[in-house]
Number of protein chains: 2
Amino acid sequence: MTGKETLILSIDAMGGDNAPRCIIEGVSMVAKDHPGELFFFLFGDEAKLTPIIAEVGLDPKCYKIHHTTDFVRADAKPAQILRSGRETSMWKAIMAVRNGYAKAVVSAGNTGALMAMSKICLGTLQGIDRPAIAGILPSASGPIVMLDLGANAKCDPQNLVEFSLMGEVLYHVLFNEEKPSIGLLNIGSEETKGREEIREAAAILHEMGDKINYYGFVEGNDISAGKTNVVVSDGFSGNIALKTIEGAAKFIAKALKQEVKGSWISMFGFLMAHSSLSKFKKKFDPRIYNGAMFLGLKGISVKSHGGTDAYGFSCAIEAAIKMARQDICEKTKNEIATVLNMSALDDTTAP
Amino acid sequence: MTGKETLILSIDAMGGDNAPRCIIEGVSMVAKDHPGELFFFLFGDEAKLTPIIAEVGLDPKCYKIHHTTDFVRADAKPAQILRSGRETSMWKAIMAVRNGYAKAVVSAGNTGALMAMSKICLGTLQGIDRPAIAGILPSASGPIVMLDLGANAKCDPQNLVEFSLMGEVLYHVLFNEEKPSIGLLNIGSEETKGREEIREAAAILHEMGDKINYYGFVEGNDISAGKTNVVVSDGFSGNIALKTIEGAAKFIAKALKQEVKGSWISMFGFLMAHSSLSKFKKKFDPRIYNGAMFLGLKGISVKSHGGTDAYGFSCAIEAAIKMARQDICEKTKNEIATVLNMSALDDTTAP
């Protein structure tokens, strides 16, 4: 016994650009890092999975293949996949969580389909109107949690308040901070600025007093500055901000490289600075921050970037493990119930 | 005669953190770069301006001081300043444009006040529902124009269409490109994605066919990639995107510096790469991109960043000069009239 209960994870082995190879390799990395603690249900085409599993040497004691005949295409529409996707590896992997066989599902497949299926299969938590997608971003004061990243293009004040509590619990679970600070993304720090729904959400969060650590409004530049642990916005602004950061980082790196390549002395200088630069690159490695977490559901569902490699996929699994070990769904339900003064009566488990 | 008519510019010499010194120094830089072509009305406290003007050696033939007794505070509320700000340097500088004495006004003062006063004094162009704030950003394919940057937190489809045409004309005027490409900022490139008002604006722009160079939806990462010459969004998303880029760039630069400082060899390497790095820094110098242009008004009003220095202020004046020399208001009015099929009858000039 390692002192920890075996955690069963459900893996969609057929989702993502590099599936199933990088999925299995990622599973293998995580399995080696947690010996004797994890068990994986691998959903996918057995004939394809078996040789890769043999190649990477995945311990037979830690996995079971569930053969599936179909998978969700990258360009599939969520509505269509809900109708005809019941034989896909993604659907079956989610169902394993719904039926209580696994604690969390991880997939690198189609985001819209994963969200739609997770919502239908797992259901939304009591007290939550709409689930949201959360991500982790690097900042000057360490990693931060940001949500919603695209599930809800428009939100009302209550949605934003619920996202705040969901983000608070996620940050707590991932980084062990008791009362993470929460900021609402806006276009000015004054109380009169921005959109009405954000000002109303701010008023509700203010009224909660000591129950939460609400900081106030934050602006676009405060995200990377890490002014708050959690940044909350509707899915439209959140998605724009996230992708804008990615684009800016890529552009700066490319422009720097071009400038340096123009001169031999500069290139030599950069070679000398190599160890610092690789430390820098490591810090910003997007794979570390891989894993978009679907919050507000009655089960854990994590979306890995479709184009990531084995290490990136392993990072998404690690996020799912933390969320599962700390029972994030239960914690979120309780936080919603406590802070929003609702009955915390559980509608799924026996007393 | 230089072949060019003398252009008269109106300057709010009391606005911004470093006024009036950096304002006068900026004016002096521009005057030297355009000998015999410009004349400045300087609005401000004569007792403060005179010694600085003497110090920088501004040619007496190219300016006239208009003494003012008041100025707009950085924290003044627009509504309050509209009531009681008629003696401020900002108001009087704008009035010089309204009354036809100057072709453009440049101020580094309070943005909200400058927008409110410019709207009231200058009026909105025929065919335009709401003015917008535009800015220039660096990108992988050269400078791009982005709007709205914060004047309108919410927009309807027609506003976004008008911003598209206003941005198109601005890009044309600044960079001499006949048919700049226009993108609508959204959270996906598929036609079914994002908010309704954006999809409706896209449908209208599509229908315009060859009259404009409409590209389609662009996402956050496409801004810095420079996928289109013009990026159009509501003022909320635009402001978030702009500040998010600023924040990300600052964070990356700081993190890189920190990592390099940790090692002597790296520092030495970076010294060797110095010339490339300073070229790189020059390319991203935020002062070059200084100047937020208020579009859709019956006159030219440019807002300089409040914290900029003399060189930054001179760049904002240069933008105003290009806009004035090319008669951007007339061009915008005509573009709106032509593309939106309205009567192009001028309501201000004789036939």
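Given the structure is predicted, the values throughout are model-derived calculations rather than measurements.

As a measure of interface size, the accessible area lost when the parts come together is often cited. All names here are of chain A. Per the domain assignment, the segments making up chain A are domain 1 (1–123 + 296–304) and domain 2 (129–292). Of the residues lining the interface, nine residues belong to domain 1; the matching set on domain 2 comes to eight residues. Summed over both partners, the interface of domain 1 with domain 2 comes to about 600 Å²; 68% of that surface belongs to carbon and sulfur atoms. Together, Met 115, Gly 296 and Lys 303 form the three largest contributors to the area buried by domain 1 at its contact with domain 2, with a combined 58%. Connecting domain 1 to domain 2 are zero salt bridges. Joining domain 1 to domain 2, the criterion identifies two residue pairs in polar contact (both at pLDDT 80 or more). Of all elements in the fold, only α5 (111–122) and β11 (300–303) reach the threshold of two or more residues within the side of domain 1 that touches domain 2.

To continue, consider the relation of the copies chain A and chain B. Here two copies of a chain appear, and what relates them is a rotation about an axis with a shift along it. You can overlay chain A on chain B at an RMSD of 0.0 Å; the transform is a turn of 180° with a shift of 0.0 Å along its axis. Expressed as a symmetry operation, the mapping of one chain copy onto the other fits a two-fold axis. Ranked by how close their C-alpha atoms come to the rotation axis, the residues of chain A are headed by Gly269(A), at 1.9 Å. Residue by residue, 98% of the interface of chain A is reproduced at the interface of chain B, so both copies engage with the same surface.

Residues and elements named next belong to chain A. Taken together, Met 29, Ile 288 and Tyr 311 make up a surface patch of nonpolar side chains, about 240 Å² in accessible area. Take Ile 288: it is sitting in the loop between α11 (274–283) and β10 (292–295). Classification of Ile 288 by relative accessible area gives partly exposed; the value is 36%.

Each side of the interface is counted separately: chain A has 52 residues, and chain B has 51 residues. Broken down residue by residue, the surface that chain A buries against chain B is led by Arg195(A), Phe236(A) and Phe251(A), which jointly contribute 15%. Here chain A and chain B share six salt bridges between them. A salt bridge links Lys243(B) to Glu219(A); the shortest N-O distance between them is 2.3 Å.

Before going further, it helps to examine the packing of aromatic side chains. Residue and element names in this part refer to chain A. Counted under the stated rule, the structure contains five aromatic pairs over all chains. Arranged with centres 4.8 Å apart and planes meeting at 50°, the rings of Tyr 171 and Phe 175 form a pair that is tilted. Here the residue Tyr 171 and the residue Phe 175 both occupy positions in helix α6 (residues 157–175), the gap between them amounting to four residues, near one helical turn. For Phe 175, a relative accessible area of 29% gives the class partly exposed. Stacked on the ring of Phe 71, the Lys or Arg Arg 73 has its end atom at 4.2 Å from the ring centre.

This part is about the pairing of β11(A). Residues and elements named next belong to chain A. Residues Ile 300 and Val 302 of β11 are buried on one face, and the alternating residues Ser 301 and Lys 303, pointing to the opposite face, are buried as well. Two elements, strand β4 (residues 104–107) and β11, share four bridges in a ladder whose sense is parallel. Bridge pairing links Ser 107 to Lys 303 in β11. The sheet contact formed by β10 and β11 spans three bridges and is antiparallel. Its bridge partner lying in β11, Met 293 is registered against Val 302. Taking the residues that link successive antiparallel strands as the turn, the β10-β11 hairpin has four residues, and the phi of Gly 296 there is positive, at about 95°.

Attention now moves to the packing of α6(A) against helix α13 (residues 328–339) of chain A. Geometrically, a packed helix pair is captured by the angle between its two axes and the distance between the axes. Residues and elements named next belong to chain A. Running from N to C, α6 and α13 cross one another at 135°; their axes reach a closest spacing of 9 Å. Comparing their axes, α13 and α6 come out oblique. As for the relative orientation of α6 and α13, their crossing is right-handed in sense. The segment α6 lies against α13, with Glu 162, Leu 165, Met 166, Glu 168, Val 169, Leu 170, His 172 and Val 173 engaging Ile 328, Lys 331, Thr 332, Glu 335, Ile 336 and Val 339.

This brings us to the packing of helix α6 (residues 157–175) of chain B against helix α12 (residues 310–325) of chain B. All names here are of chain B. One way to put it is that α6 packs onto α12 with a least axis distance of 9 Å and a crossing angle of 105°. Regarding the angle of α6 to α12, the classification is roughly perpendicular. Seen from α6, the contacting residues are Leu 170, Val 173 and Leu 174; seen from α12, they are Ala 319, Lys 322 and Met 323.

Glancing now at the sheet that holds β10(A). One key point about sheets: their strands pair by backbone hydrogen bonds, in either a parallel or an antiparallel sense. Residue and element names in this part refer to chain A. Pairing within the open sheet is mixed, and its 11 strands lie in the order β3-β2-β1-β4-β11-β10-β5-β6-β9-β7-β8. Because the sheet does not close on itself, it has two edges, and the strands there are β3 (63–67) and β8 (213–218). Across this sheet, the average inter-strand angle for adjacent strands is 25°, counted without regard to direction. With respect to the sheet, helix α4 (residues 89–98) is in contact with β1 (7–12), β2 (38–44), β4 and β11, its orientation differing from that of β1 by roughly 160°. Sitting on the sheet, helix α12 (residues 310–325) touches β1, β2, β4, β10 and β11, and the angle it makes with β1 is about 140°.

Take the sheet that holds strand β3 (residues 63–67) of chain B next. Residue and element names in this part refer to chain B. Pairing in this open sheet of 11 strands is mixed, and the strands run β3-β2-β1-β4-β11-β10-β5-β6-β9-β7-β8 from one edge to the other. Because the sheet does not close on itself, it has two edges, and the strands there are β3 and β8 (213–218). For this sheet, the mean inter-axis angle between neighbouring strands, taken without regard to orientation, is 25°. By the bridge criterion, five bridges tie strand β2 (residues 38–44) to β3 in an arrangement that is parallel.

What counts, and at which threshold
- Residues numbered from 1 in each chain as written.
- Chains lettered and ligands numbered in written order.
- Predicted model: local features only at pLDDT ≥ 70, side-chain atom pairs only at ≥ 80, totals over all residues.
- Heavy atoms only, no water.
- Domains from an automatic or database assignment.
- Contact = heavy atoms within 4.5 Å.
- Buried area = accessible area lost by both parts, 1.4 Å probe.
- Salt bridge = Lys/Arg side-chain N within 4 Å of Asp/Glu carboxyl O.
- Polar contact = N/O pair within 3.5 Å; in protein donor to acceptor, adjacent residues only side chain to side chain.
- Helix = DSSP H or I, 4+ residues; strand = E, 2+ residues; numbered from the N terminus.
- Least-squares fit on C-alpha atoms with pLDDT ≥ 70 in both.
- Patch = residues over 30% accessible without salt bridge, like charges linked within 9 Å, V, L, I, M, F, W, Y side chains within 5 Å.
- Areas by Shrake-Rupley, 256 points an atom, 1.4 Å probe, with all protein chains shown as cover.
- Buried < 20%, exposed > 50% of the residue type's maximum accessible area, 1.4 Å probe, protein only.
- Phe/Tyr/Trp six-rings, centres within 6.5 Å; stacked < 30°, edge-to-face > 60°.
- Lys NZ or Arg CZ within 6 Å of the ring centre and 35° of its normal.
- Pairing = 2+ DSSP bridges.
- Axes fitted to C-alpha atoms, helices over the stretch in contact; angles between N-to-C directions.
- Parallel < 35°, antiparallel > 145°, perpendicular 65-115°, else oblique.
- Left-handed = near helix turned anticlockwise from the far one by under 90°.

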